[in-house]
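Coordinate analysis (summary)
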Amino acid sequence: MYSSFEFHLPTKIHFGLNKIEQLDQQLSNVNRAFIVTDKGVLNSGLVEHVTKILEKNATAYVIYDEVEPDPSVETVDKVAEVFQQEEGDALIAIGGGSPIDTAKGVRVIASNGGSIRDYAGVNLVKQSSSIPLIAIPTTSGTGSEVTIFAVFSDWEENRKVTVTSPALAPDISIVDPKMTMTAPPRITAASGFDAYAHAAETFVSRASQPASDALALSAMRTVHKYLRRAVYNGGDVEARVKMAEASLLAGMAFNQSYLGLTHAIGSALSGHAHVSHGVAIGLLLPAVMRYNSISQLDKHVEMARVFREVDLSMPEWKSIDQLIEDVTRLRNDVGLPQRLQQVGVEEDQLKAIAADSIKSGMWKFNPRQASEEEILNMLQDLF
């Protein structure tokens, strides 16, 4: 039974085809914009959609395009230094979660000083920034355009660093599905399945609430219906629009109610074995859902209805079997890896991955408290 809850979304969202054309309306007080992106996005021509608007608006700009996948803390600190040297008065992040999270980190450092390492944890950012941050996602999956989280790689310690603070949320998010049309199938698959995982984990989180539940269910239904279409026909406009919608709704949901064991293990897996985030989540989610199902039978049966009609006279365990089967089929259909060995994980890394998984803040929100030994057994089964 829910007792009470709070819901707050600090980001103003502009969603829809060609919404990027409204960027000029957000630039009234901007003289010099600092664009954070990566070379893939730059080479795709997507950044030009933004720079043409800036030029038409007589807004000066600088492009930083050296953000790598799963950006390191060193990268964030470096970009913050360049931003301050260039004296920009606004940040525009164009890309997937990596450029958007990097821009979030840059804003924190620009307003609070130090290194992004100093802010790893919850609510350690002391001062909100007056520097505007506009997020323009080019993938459908991370939800970073509306969240209070940013995740970075600390390769010295083989771990992921998560910064959590309301100060990280972008001021404005322009979600234009047109900007996702050039995403290749493998990125569409990994990011789209991650959006499903965000919704699924939020739905059973210990911090779940009616508002996030509704958002999560809607996101799961949409991913189920449209992800395959978006992967295998990137020019399917309806599929791209709906996947952008699903990613956004899932991001809004877990911004309120957090995630769980899949993302806790996935963070450790990426830290130790450099497995990309969406691929790691695809590998882990069906097994974690199986593990969690005993703790929340009713919610897992409700999730089963996302994929197919459920016979109410059917035993709950059978509905859950169907759910795991359907989630696994979705993962396999979009071509994501199925075994840890396929992505270069070594067996002798599993113990350290399991140990670091229970250090994640997301582990605390999982509906079933997993021990290090149980996580290790799960990883060995997936190896």
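Above this text you will find the structure in question.
To start, this report covers the structure provided alongside it. (Residues numbered from 1 in each chain as written. Predicted model: local features only at pLDDT ≥ 70, side-chain atom pairs only at ≥ 80, totals over all residues. Heavy atoms only, no water.)

Moving on: the overall build of the protein chain. From N to C terminus, the protein chain includes 13 helices and 9 strands. Its C-alpha atoms give the protein chain a radius of gyration of 20 Å, within 12% of the compact-globule value 21 Å for 383 residues. If you line up the protein chain on its principal axes, its C-alpha atoms span 65 × 45 × 45 Å. Per-residue burial over the protein chain gives 58% buried out of 383 residues. Nonlocal contacts in the protein chain, meaning residues at least 24 apart in sequence, comprise 77% of its contacts between residues at least 6 apart. Here the protein chain contributes 34 positively and 47 negatively charged side chains, and the mean placements of these two sets differ by 4 Å. (Helix = DSSP H or I, 4+ residues; strand = E, 2+ residues; numbered from the N terminus. Rg over C-alpha atoms; globule rule 2.2 N^0.38 Å. Buried < 20%, exposed > 50% of the residue type's maximum accessible area, 1.4 Å probe, protein only. Contact = heavy atoms within 4.5 Å. Lys, Arg positive; Asp, Glu negative; His and termini not counted. Charge placed at Lys NZ, Arg CZ, Asp CG, Glu CD.)

A word on helix α13 (residues 372-382). One turn of an α-helix holds 3.6 residues; hence residues three or four places apart share an orientation. Every buried residue of α13 is listed here: Ile375, Leu376, Met378, Leu379 and Leu382. The buried side chains of α13 occupy one side of the element, clustering within an arc of 160° when seen end-on. Opposite the packed face of α13, turned more than 90 degrees from it, sit the exposed residues Glu373 and Asp381. The elements touched by buried residues of α13 are α8 (261-273), α9 (277-293) and α12 (350-357). (Arc of directions from axis to C-beta.)

What follows covers the packing of α8 against α9. Contact geometry for α8 and α9: axes closest at 8 Å, N-to-C directions at 140°. In terms of orientation, α8 lies oblique with respect to α9. Regarding α8 and α9, the two cross each other, and that crossing is right-handed. Across from Leu261, Thr262, His263, Ile265, Gly266, Leu269 and Ser270 in α8, the residues of α9 making contact are His277, Ala280, Ile281, Leu284, Leu285, Val288 and Tyr291. The class makeup of the residues in the contact of α8 with α9 is 9 nonpolar, 5 polar and no charged. (Axes fitted to C-alpha atoms, helices over the stretch in contact; angles between N-to-C directions. Parallel < 35°, antiparallel > 145°, perpendicular 65-115°, else oblique. Left-handed = near helix turned anticlockwise from the far one by under 90°. Nonpolar A, V, L, I, M, F, W, Y, C, P; charged D, E, K, R; others polar.)

With that settled, the discussion passes to the sheet that holds strand β3 (residues 60-64). The strands that make up a sheet pair up through hydrogen bonds in the backbone, lying either parallel or antiparallel. Across the sheet, which stays open at both edges, the 6 strands sit in the order β1-β9-β6-β4-β2-β3 with parallel pairing between neighbours. Every other strand in the sheet has two partners, leaving β1 (12-15) and β3 as the edge strands with one partner each. Strand-to-strand twist of the sheet, defined as the mean angle between neighbouring strand axes without regard to direction, takes the value 20°. Where β1 lies against strand β9 (residues 172-175), 4 bridges are found, and the strand directions are parallel. (Pairing = 2+ DSSP bridges.)

Here we take up the packing of aromatic side chains. Enumeration over the complete set of coordinates arrives at 7 aromatic pairs. Relative to Phe83, the ring of Phe34 lies with its centre 5.3 Å away and its plane at 80°, an arrangement referred to as edge-to-face. With Phe34 in strand β2 (residues 32-36) and Phe83 in helix α3 (residues 73-86), the pair connects residues that are 49 residues apart, well separated along the chain. On the basis of relative accessibility, which here comes to 1%, the residue Phe34 falls in the buried class. Since its relative accessible area comes to 3%, Phe83 is described here as buried. Ring pairs connect the aromatic residues Phe149, Phe254, Tyr258 and Phe365, which therefore count as one cluster. Lys299 extends its terminal NZ or CZ atom over the ring of Phe203, reaching a point 4.6 Å from the ring centre. The ring of Tyr291 has Arg368 sitting right over it, with the charged end atom 3.9 Å from the ring centre. (Phe/Tyr/Trp six-rings, centres within 6.5 Å; stacked < 30°, edge-to-face > 60°. Lys NZ or Arg CZ within 6 Å of the ring centre and 35° of its normal.)

We now examine the pairing of strand β4 (residues 90-95). Residues in a regular strand point their side chains to alternate faces of the sheet. The element β4 is extensively covered by neighbouring structure, given that 6 of its 6 residues are classed as buried. Burial of the side chains of β4 extends over both faces: Ala90, Ile92 and Ile94 are buried on one face and Leu91, Ala93 and Gly95 on the other. Bridge count for β2 against β4 is 4 bridges, and the pairing is parallel. What sits directly across from Val36, in β4, is Ala93. Looking at chain direction, β4 and strand β6 (residues 133-137) are connected through 5 bridges and run parallel. Within β6, the position partnered with Ile92 by the bridge is Ile134.

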